[in-house]
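Architecture at a glance
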Amino acid sequence: MAKAHVLLGLLLIGFSLSVVDARKKVGIYEIQRGNFSLKLTNWGATVISVILPDSQGNLNDVVLGFDTIPSYVNDTTYFGATVGRVANRIDGAQFWMNGHHYRTFPNEGNNTLHGGNRGFSKVIWTVVEHDTGEFPYIKFYYHSFDGEQGFPGDLDVFVTYKIVDDYSLSITMTAEALNKPTPVNLAHHTYWNLAGHDSGNILSNTVQLFASHYTPVDDVTLIPTGELLTVEGTPYDFREPHVIGSRINQTAFGYDFNYALDKHGDENNLRKAAVVKDHKTGRQLELWTNQVGLQFYSGNQLNNVVGKGGHVYKIYGGLCLESQGFPDSVNKVYFPSQARRPGQDYTNHMLYEFSF
């Protein structure tokens, strides 16, 4: 184990960005086990690429993204990013906590989305550990200051990406409130296309979600109504595997909903959340998480985004599976609380298991 900036053979492209503290550097880092590899950057603790074989042994990059770091700086899609301090939407960019009223930065109309205009996806993280051994990993750290984007209290945040088996990836996000109660709801925002990032849309993928209920939203603001409804009899029912495109026209705007995951788990207290299968390549993704919610997003707002290799990502070009607390829980008293008091830890643990 060694600091990333002195590690022999580290893939690192460093440069200063005028929009942030010029004393800090942004780099590209790699972890690899066999023919399974990831490239990441400490800009937003972001996943840039995930290389996997298919059923024939052909390698391809299965996540959407950009070729250069400056493209991530100006990105509005949140490709591969760590989002927070509170992921998803906060109604009216305000909330009450511990008897105090807080206003957060409104960056989506009147609402706050993914932490504001300079949330965790728009800051430089520190690389605190980078190990290229048998089970390689990289660990990022960010200190969020009291009042950042309107959120109360200082918060220490860590994100660790680790290859834990030949084709298994663990992502662990932890945070600790230091001096004030604060909401914490982190999420990982990679866009997956198991056929390859440049292969077209994901409408032929089969998806299974282990959730019997979802939190419906207002069709205009996408803020949860506060209800918890059954998926039965709706196009949002993925309890059995369904092709994404088979019922998407029955939805108002595609899939962009938080699902309340069913209460089952393994010996590590992880819930099986989702299975995605691409039948053309044989690649399959299975996601486990310790969170109560999962945002399933079908890339409805992708609009001719020029990505890696000049490929243009169009609507439905990738899907997101964001394990999280329920959106707008700071304003919905019946939703599970995301509040953390000083000294109270927060953990969002995800396990991605790939097969072919």
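Here the structure is a predicted model, which is why all the values come from computation and not from measurement.

**Structural notes on the overall build of the protein chain**
- Each helix and strand in the protein chain was counted, giving one helix and 28 strands.
- Against the 2.2 N^0.38 benchmark of 21 Å for 356 residues, the protein chain shows a C-alpha radius of gyration of 19 Å, consistent with a compact globule.
- Overall size of the protein chain, expressed as C-alpha extent along the three principal axes, is 50 × 50 × 45 Å.
- Within the protein chain, buried positions represent 57% of all 356 residues.
- Residue pairs at least 24 apart in sequence account for 65% of intrachain contacts in the protein chain once pairs closer than 6 positions are excluded.
- Of the roughly 14400 Å² that the protein chain leaves accessible, carbon and sulfur atoms contribute 49%.

**Some remarks on the side chain of D154**
- Structurally, the position occupied by D154 is in the loop between β11 (137-144) and β12 (155-165).
- One buried charged residue, D154, remains without a salt bridge, the closest side chain of opposite sign being R85 at 6.5 Å.
- Within the structure, D154 has its side chain in polar contact with the side chain of N179 (distance 2.6 Å).
- In this structure D154 touches H143, S144, F145, D146, E176, A177, L178 and N179, once residues within four positions along its chain are discounted.

**Some thoughts on the sheet that holds β11**
- Read from one edge to the other, the open sheet built from nine strands follows the order β10-β11-β12-β13-β28-β22-β21-β16-β19, with strand pairing classed as antiparallel. What marks the edges here is a single partner per strand, and that holds for β10 (126-131) and β19 (242-243).

**Here we look at the confidence of the model for the protein chain**
- Put simply, the protein chain has an average pLDDT of 92, and 92% of its residues get 70 or more.
- Throughout residues 1-23 the model reports pLDDT below 50, and contacts reaching past four residues in sequence, or to other chains, amount to 42 contacts.

**Digging into the nonpolar core**
- Of all hydrophobic cores here, the largest spans 62 residues; its most connected members are Y259, F296 and L321.
- Discounting chain neighbours no more than four positions away, the residues touching Y259 are L209, A211, H213, Y214, V231, Y236, F238, V292, G293, L294 and F296.
- Membership of the second largest hydrophobic core comes to 17 residues, among which are V26, F66, V73 and L302.

**Let's talk about unusual backbone geometry**
- Cis geometry marks the peptide bond from G84 to R85, where omega comes out at 10°.
- In this structure, R85 sits in the loop between β5 (81-83) and β6 (89-90).
- Not every positive phi belongs to a glycine, and Q149 is a case in point at roughly 55°.
- A positive phi angle, close to 65°, is found at L222, a residue other than glycine.
- Positionally, L222 belongs in the loop between β17 (211-215) and β18 (229-230).

**Looking at the pattern of salt bridges**
- In total, this model carries eight salt bridges according to the counting rule given.
- We note a salt bridge from R33 to D166, for which the minimum N-O separation is 2.9 Å. In this pair, R33 is assigned in strand β1 (residues 28-33) and D166 in the loop between β12 and β13 (168-177), connecting sequence segments 133 residues apart.
- Exposure remark for D166: the relative accessible area of 39% places this residue in the partly exposed category.

**As for the sheet that holds strand β3 (residues 46-53)**
- Within the open sheet, the four strands sit side by side as β1-β2-β3-β4. Their pairing is antiparallel. Single-partner strands in this sheet number two, and they are β1 and β4 (59-61). Looking at each pair of strands side by side, their axes are set apart by 15° on average, direction ignored.
- Here strand β2 (residues 36-41) pairs with β3 via five bridges, running antiparallel. What sits directly across from L38, in β3, is V50.

Reading the values: the criteria
- Residues numbered from 1 in each chain as written.
- Predicted model: local features only at pLDDT ≥ 70, side-chain atom pairs only at ≥ 80, totals over all residues.
- Heavy atoms only, no water.
- Helix = DSSP H or I, 4+ residues; strand = E, 2+ residues; numbered from the N terminus.
- Rg over C-alpha atoms; globule rule 2.2 N^0.38 Å.
- Buried < 20%, exposed > 50% of the residue type's maximum accessible area, 1.4 Å probe, protein only.
- Contact = heavy atoms within 4.5 Å.
- Areas by Shrake-Rupley, 256 points an atom, 1.4 Å probe, with all protein chains shown as cover.
- Lys, Arg positive; Asp, Glu negative; His and termini not counted.
- Salt bridge = Lys/Arg side-chain N within 4 Å of Asp/Glu carboxyl O.
- Polar contact = N/O pair within 3.5 Å; in protein donor to acceptor, adjacent residues only side chain to side chain.
- Pairing = 2+ DSSP bridges.
- pLDDT = per-residue confidence, 0-100.
- Core = buried A, V, L, I, M, F, W, Y, C linked by side-chain atoms within 4.5 Å.
- Axes fitted to C-alpha atoms, helices over the stretch in contact; angles between N-to-C directions.

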